Amino acid sequence: MHFRIAAQFAPLAALAIFLSTFQLAHAGYQFVQAIGGSGAGDGQFAGPGGLAVDSSGNVWVADTGNNRIQEFSGAGAFITSFGMPGSQGGQFADPIGVTVDSSGNVWVAEYTNHRIQEFSSIETFITKFGTFGSGNGQFKSPSGVAVDSSGHVWVADLGNSRIQEFTSAGAYLSQFGTLGIGNGQFDVPYGLAVDSSGNVWIADTGNNRIQEFNNTGAFISKFGTFGSGNGQFSAPYSVAVDSSGNVWVADTGNNRIQEFSGAGAFITSFGMLGFQDGQFADPTGVTVDSSGNVWVADLSNDRIQEFSLVPEPSTFVLLDSALLVIGGLRLVRRRRRH
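Residues numbered from 1 in each chain as written. Predicted model: local features only at pLDDT ≥ 70, side-chain atom pairs only at ≥ 80, totals over all residues. Heavy atoms only, no water.

Student: I'd like a description of the packing of aromatic side chains, backed by residues and values.
Tutor: The full count for this structure, using the stated rule, is 26 aromatic pairs. With 6.3 Å between their ring centres and 50 degrees between their planes, Phe 176 and Phe 186 make a pair best called tilted. With a gap of 10 residues between them, Phe 176 in strand β15 (residues 172-176) and Phe 186 in the loop between β15 and β16 (189-194) connect regions that are remote in the sequence. Relative to Tyr 237, the ring of Tyr 190 has its centre 4.2 Å away and its plane inclined at 45 degrees; by these criteria the two rings are tilted. With Tyr 190 in strand β16 and Tyr 237 in strand β20 (residues 236-241), this residue pair connects regions lying 47 residues apart in the sequence. (Phe/Tyr/Trp six-rings, centres within 6.5 Å; stacked < 30°, edge-to-face > 60°. Helix = DSSP H or I, 4+ residues; strand = E, 2+ residues; numbered from the N terminus.)

Shown next, in the form of structure tokens:
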């Protein structure tokens with residue numbers, strides 16, 4: 001006897017005369033490609049500190065040591081770059097954080113110029129804001145930048161152990177955080193991300209944890225302790241949230257990437273110290289594109305790496321049934337004619 005799959009869809013209520021099982025899972029992530037190499041030419045890097053993927057799938061990299069931003073296609077082809085050393089508009093001093101908003105504008109956090117700059121999608125300088133200091137709207141080595149769905153700009157003000165919020169025009173709105181180890185306190189808040197609900201996630205690097213806040217700065221949750229076990233961290237530099245609400249962390253000191261649920265439950269991890277494909281040397285940036293591919297800024301290897309999900313094949317086990325419905329498909333056992 002054998003089975004044929006009927007094209008008709010059938011209700012799940014018709015399921016089961018005898019035992020069956022269905023399984024769909026994933027087996028982790030696989031290496032796809034690497035971009036870069038050490039140098040100052042097009043497509044080369046000198047310590048890439050952060051990265052972002054825009055709605056078209058293009059990859060933007062903060063090429064920190066070369067004081068520029070580079071853009072690549074999703075296939076890894078170099079498109080363009082802009083920036084040079086300096087303190088004028090459009091110039092950089094250690095650009096570390098980069099993000100792209102819903103309009104395609106590119107925002108850059110400059111660690112040494114203590115400011116945020118905005119550029120159009122064609123790399124035209126638009127505006128800048130911030131000066132050195134600890135007052136409202138001032139920065140001490142900002143290292144991360146994110147833009148929410150309302151266009152508000154969130155900045156990881158690393159040296160001041162706080163997060164600041166601004167309008168898209170650079171007007172100061174609010175802040176939260178102080179130096180410390182308590183809930184809502186930080187020790188070197190290096191990276192940040194905003195999810196689809198407007199919640200703000202912080203890579204609290206010195207405290208070896210991730211913290212979550214709502215858009216008014218109220219503490220929601222935290223996870224992580226120092227260590228190398230699943231769900232533990234050693235200086236996590238970057239955090240990202242994918243379209244499913246899962247949280248991705250560049251666990252820099254452990255040279256790996258970890259994935260968690262939105263509730264902070266460990267899901268998977270990949271990576272180890274090295275320079276081969278899929279290995280890392282100080283991964284300081286992580287982001288996830290609309291297809292679920294994971295992109296990593298592999299700082300000390302001067303490259304960007306991409307990874308994709310490895311699906312596990314669907315498994316059907318049918319012991320004996322006249323009719324079985326799985327996922328809306330009717331599986332009908334047909335006896336051979338003798």
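That covers the picture; the talk isn't over yet.
Student: Give me unusual backbone geometry: which residues, what numbers.
Tutor: Here Ala 235, not a glycine, exhibits a phi torsion of approximately 60 degrees, which is positive. Among the secondary structure elements, Ala 235 is positioned in the loop between β19 (219-223) and β20. Phi angles above zero are rare outside glycine, and Asp 302 is one such case at about 50 degrees. As for its position among the elements, Asp 302 is in the loop between β25 (294-298) and β26 (303-311).

Student: Lay out the sheet that holds strand β11 (residues 125-129) with the relevant residues and their values.
Tutor: Reading across from one edge, β8-β9-β10-β11 is the order of the 4 strands in this open sheet, with antiparallel pairing throughout. Of all the strands in the sheet, just β8 (95-100) and β11 have a single pairing partner and so form its edges. With strand direction ignored, the average angle separating the axes of adjacent strands in the sheet is 20 degrees. In this structure, β8 lies alongside strand β9 (residues 106-110), joined through 5 bridges in antiparallel fashion. The residue bridging Gly 97 from the neighbouring strand is Ala 109, located in β9. (Pairing = 2+ DSSP bridges. Axes fitted to C-alpha atoms, helices over the stretch in contact; angles between N-to-C directions.)

Student: Explain the nonpolar core to me, using residue names and the numbers behind them.
Tutor: Core analysis: the largest hydrophobic core is formed by 12 residues, namely Tyr 29, Ala 240, Trp 248, Ala 250, Ile 257, Phe 270, Phe 280, Val 286, Val 288, Val 294, Val 296 and Phe 307. Every element with two or more residues in this core is listed here: β21 (247-251), β24 (283-288) and β25. Not counting the four nearest positions on each side in its chain, Ile 257 is found in contact with Trp 248, Val 249, Ala 250, Thr 268, Ser 269, Phe 270, Phe 280, Pro 283, Val 286 and Val 296. (Core = buried A, V, L, I, M, F, W, Y, C linked by side-chain atoms within 4.5 Å. Buried < 20%, exposed > 50% of the residue type's maximum accessible area, 1.4 Å probe, protein only. Contact = heavy atoms within 4.5 Å.)

Student: Break down the environment of Ser 238 for me, citing the residues and quoting the values.
Tutor: Along the polypeptide, Ser 238 turns up in strand β20. Exposure remark for Ser 238: the relative accessible area of 10% places this residue in the buried category. Setting aside its immediate chain neighbours within four residues, Ser 238 contacts Ala 203, Trp 248, Val 249, Ala 250, Thr 284, Gly 285 and Val 286. Reaching out from Ser 238, the side chain makes a polar contact with the backbone nitrogen of Val 286 at a distance of 3.3 Å. (Polar contact = N/O pair within 3.5 Å; in protein donor to acceptor, adjacent residues only side chain to side chain.)

Student: Account for the side chain of Gln 305, naming residues and giving values.
Tutor: For Gln 305, the location among the structural elements is in strand β26. A polar contact of 2.8 Å, which involves the side chain of Gln 305, links it to the backbone nitrogen of Gly 278. With residues up to four places along the chain from it excluded, the contact list for Gln 305 reads Phe 31, Gln 33, Ala 34, Gln 276, Asp 277, Gly 278, Gln 279, Phe 280, Val 294, Trp 295, Val 296 and Asp 298.

Student: Residue-level account of the side chain of Asn 246, with values.
Tutor: Relative to the assigned elements, Asn 246 resides in the loop between β20 and β21. Separated by 3.1 Å, the side chains of Asn 246 and Glu 259 make a polar contact. Not counting chain neighbours up to four residues away, the residues in contact with Asn 246 comprise Ala 240, Val 241, Glu 259, Phe 260, Ser 261, Gly 262 and Ile 267.

Student: Which residues make up the environment of Ala 297, and what values do they have?
Tutor: Within the fold, Ala 297 resides in strand β25. Note: C-alpha distance between Ala 297 and Ala 52 (245 residues apart in sequence) is 9.7 Å. Beyond its immediate chain neighbours, meaning those up to four positions away, Ala 297 contacts Pro 48, Gly 49, Gly 50, Leu 51, Asp 282, Pro 283, Thr 284, Gly 285, Arg 303 and Ile 304.

Student: I'd love a proper account of the pattern of salt bridges, names of residues and values included.
Tutor: When the charged atoms of two side chains with opposite charge come close together, those side chains can pair. In this structure the tally under the stated criterion is 6 salt bridges. A salt bridge links Asp 63 to Arg 68, with the nearest nitrogen and oxygen atoms 2.7 Å apart. For Arg 68, a relative accessible area of 8% translates into the label buried. Taking the shortest distance from any N to any O, the salt bridge between Asp 157 and Arg 162 comes out at 2.7 Å. Take Asp 157: its relative accessible area is 0%, and that puts it in the buried class. (Salt bridge = Lys/Arg side-chain N within 4 Å of Asp/Glu carboxyl O.)

Student: Tell me about the sheet that holds strand β14 (residues 162-166), residues and numbers included.
Tutor: One open sheet holds the 4 strands; their spatial order is β12-β13-β14-β15, and the pairing between them is antiparallel. The sheet is open, and its two edges are formed by β12 (142-147) and β15, each paired on a single side. Direction aside, the axes of adjacent strands within the sheet are offset by 20 degrees on average. With 5 bridges joining them, β12 and strand β13 (residues 153-157) adopt antiparallel strand pairing. The partner of Ala 146 across the bridge, within β13, is Trp 154.

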